[in-house]
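Single-letter residue listing:
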Amino acid sequence: MIVYFNNRFIPKEEVKISPDDRGFLFADGVYEVIRSYDGKLFRVEDHLNRLERSLRELRIKGPDTKNFKTIADKLIQDNHMGNGDAALYIQITRGAATPRKHVFPDKETPPTVYAYAYPFQSPHEEWKKGIKVILVPDIRWTRCDIKSVGLLPNAMACQQARENGAGEAVFVRDGVITEGSHTNFCAIFDKELVTYPKSNYILAGITRKVVSEICRELNIPVREFPIFEKDIEKADECMVLGTTTEVMPVVQVNDHIVGDGKPGPLTMKLQQAFRERVT
Ligand code: PLP
């Protein structure tokens, strides 16, 4: 596999990352995941704008994010993924610095930049049946708007979901559902789509943004408003949204069966409309 590493396209085996890298020592870095459908990147500008913002918020002096469009295209073509479904991973850390100190290193320290493309299978079966989610306490920091590589609470929550036969873990902060471990959460109440307001407590998902646009086109009202955990049993439908998940129906929340236990009609309409945009 050919990957991109610090300005070069090289075989993955040749990548060398210093043990002094702040990504390794402090999770001091940011990332993005972008889908490619039939060789075409989906909403790449939105993803690169978010990457730029994450870098800015953490004051990491990364490369010009606009270059990633060309880099991504080359990775997809050179690894023969131009005719299929693929995903692209980009990570930028504050670079390697010694001795290990919390304070930022010298301004001249070059960032560590890594990107690769990989074949991606969409979850077609789960899209049809829907998934169960579990609710877990949101133990994350209060800058969830930054796509940081510090994902331990997310990984722990996702593992807990797996061990409970669920497809996603959804965080609850102060009695309110915020978002999933790697998705945004939405519910339908009386034909209106409700999702947590864009804030520092969630990642502003690109899929969430696209689904909002679709809702506008289909005249489905969207309300950015907190959903209380205690009210989730009143939801007509639930779904989670993400780059690799797309529009995934949620048919069970903990022990509660959502609606009749099948993916809801509005959810399926949004899933279909989303598919039409990417295929
Ligand atoms: N929320 C979190 C915590 C995520 O990690 C992700 C994606 O990885 C999302 C939401 C969904 O964002 P997007 O639709 O841009 O993939």
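Residues numbered from 1 in each chain as written. Predicted model: local features only at pLDDT ≥ 70, side-chain atom pairs only at ≥ 80, totals over all residues.

As annotated in an unreviewed UniProt entry, the chain carries the name D-alanine aminotransferase and comes from Desulfonema magnum. For the record of the chain, the UniProt heading Sequence similarities (unreviewed entry) holds the text "Belongs to the class-IV pyridoxal-phosphate-dependent aminotransferase family." (UniProt positions renumbered as here; feature names shortened; annotations may be inferred.)

Novice: Where do I start with the site of the ligand in this structure?
Specialist: What surrounds the ligand is a group of 13 residues, the closest being Leu-203, Gly-205, Ile-206, Thr-207 and Thr-243. Breaking the shell around the ligand down by element, the ones donating at least two residues are helix H6 (206-217) and strand E14 (237-242). With 3 residues, the single largest contributor to the shell around the ligand is H6. By residue class, the composition of the shell around the ligand is 4 nonpolar, 7 polar and 2 charged. (Near = placed C-beta within 6 Å. Helix = DSSP H or I, 4+ residues; strand = E, 2+ residues; numbered from the N terminus. Nonpolar A, V, L, I, M, F, W, Y, C, P; charged D, E, K, R; others polar.)

Novice: I'm lost on the nonpolar core in this one. Help?
Specialist: What tends to happen in soluble globular proteins is that the nonpolar side chains get buried as a cluster. One finds Val-133, Ala-169, Ala-187, Met-239 and Val-250 to be the most contacted residues of the largest nonpolar core, which totals 42 residues. It is strand E15 (residues 246-253) that provides the largest number of residues to this core, a total of 5 residues. When sequence neighbours within four positions are dropped, the list of residues in contact with Met-239 reads Cys-186, Val-247, Met-248, Pro-249, Val-250 and Thr-267. Membership of the second largest hydrophobic core comes to 21 residues, among which are Ile-34, Leu-48, Leu-51 and Ala-87. (Core = buried A, V, L, I, M, F, W, Y, C linked by C-beta atoms within 7 Å. Buried ≥ 20, exposed ≤ 12 C-beta atoms within 10 Å, placed from the backbone. Contact = placed C-beta atoms within 7 Å.)

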